[in-house]
Amino acid sequence: MFGNKSSKGKLKSFRYSPGYSDMRGASHSDILEMNEDGKWVIVSRNRDYYNEPVRVTTYAVSSEAEAQFEEFIGKKNLISLSKRLKSKLFIHDHSPWCYEIVYDFSGTGGNSSEDYRIHQYKVYTKADLDLLSEVREMFCSLKGDIISEETEKTEE
């Protein structure tokens, strides 16, 4: 299916950060992972300005939706994008957009996990960027009901 080790690995987590360009600005990230109860969730961390507290929202994810997402990123060989060449673009964003995929290989006799990063400052084709757009839409659609919302305390 993948043409590499991930075909035997199990998705451990998938993180998406849309990036931002102002050190004093917003930050956002969503991570799909299993919680301590063994259920799939997306933990969304959002801050509108650097000195504001982070809002953490946890969303339920159905196991069926997670399985479809995992199958999709496998069939599309998404991790192959992590091997793209670095671009020669000037890095100016404080935090470029990024996807991070972590696979668990503990059942294969290999390393316990391996991560793959796909980020803004690599060379991508139009087809690659179209795939990333499709992945982003599918990933965002995984969010189910809100399980919890909290605001992290800021240091004073």
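Check the entry above for the structure.
Quantities reported herein were computed from a predicted structural model and do not represent experimental measurements.

What counts and how
- Residues numbered from 1 in each chain as written.
- Predicted model: local features only at pLDDT ≥ 70, side-chain atom pairs only at ≥ 80, totals over all residues.
- Heavy atoms only, no water.
- Salt bridge = Lys/Arg side-chain N within 4 Å of Asp/Glu carboxyl O.
- Helix = DSSP H or I, 4+ residues; strand = E, 2+ residues; numbered from the N terminus.
- Buried < 20%, exposed > 50% of the residue type's maximum accessible area, 1.4 Å probe, protein only.

Visitor: Any details on the pattern of salt bridges? Residues and values, ideally.
Guide: Within the structure shown, the criterion is met by 10 salt bridges. Here Asp30 and Lys143 are joined by a salt bridge, their closest N and O atoms 3.2 Å apart. Of this pair, Asp30 sits in strand S2 (residues 27-34) while Lys143 is found in the loop between helix H2 (126-140) and strand S7 (146-151), placing the two residues 113 residues apart along the sequence. Across the salt bridge formed by Asp130 and Lys126, the nearest N and O atoms sit 3.0 Å from each other. Here Asp130 and its partner Lys126 are both found in helix H2, 4 residues apart, which amounts to about one turn of the helix. Residue classification places Lys126 among the exposed residues on the basis of a relative accessible area of 61%. One continuous salt-bridge network, built from bridges that share partners, spans Arg15, Glu100, Asp115 and Arg117.

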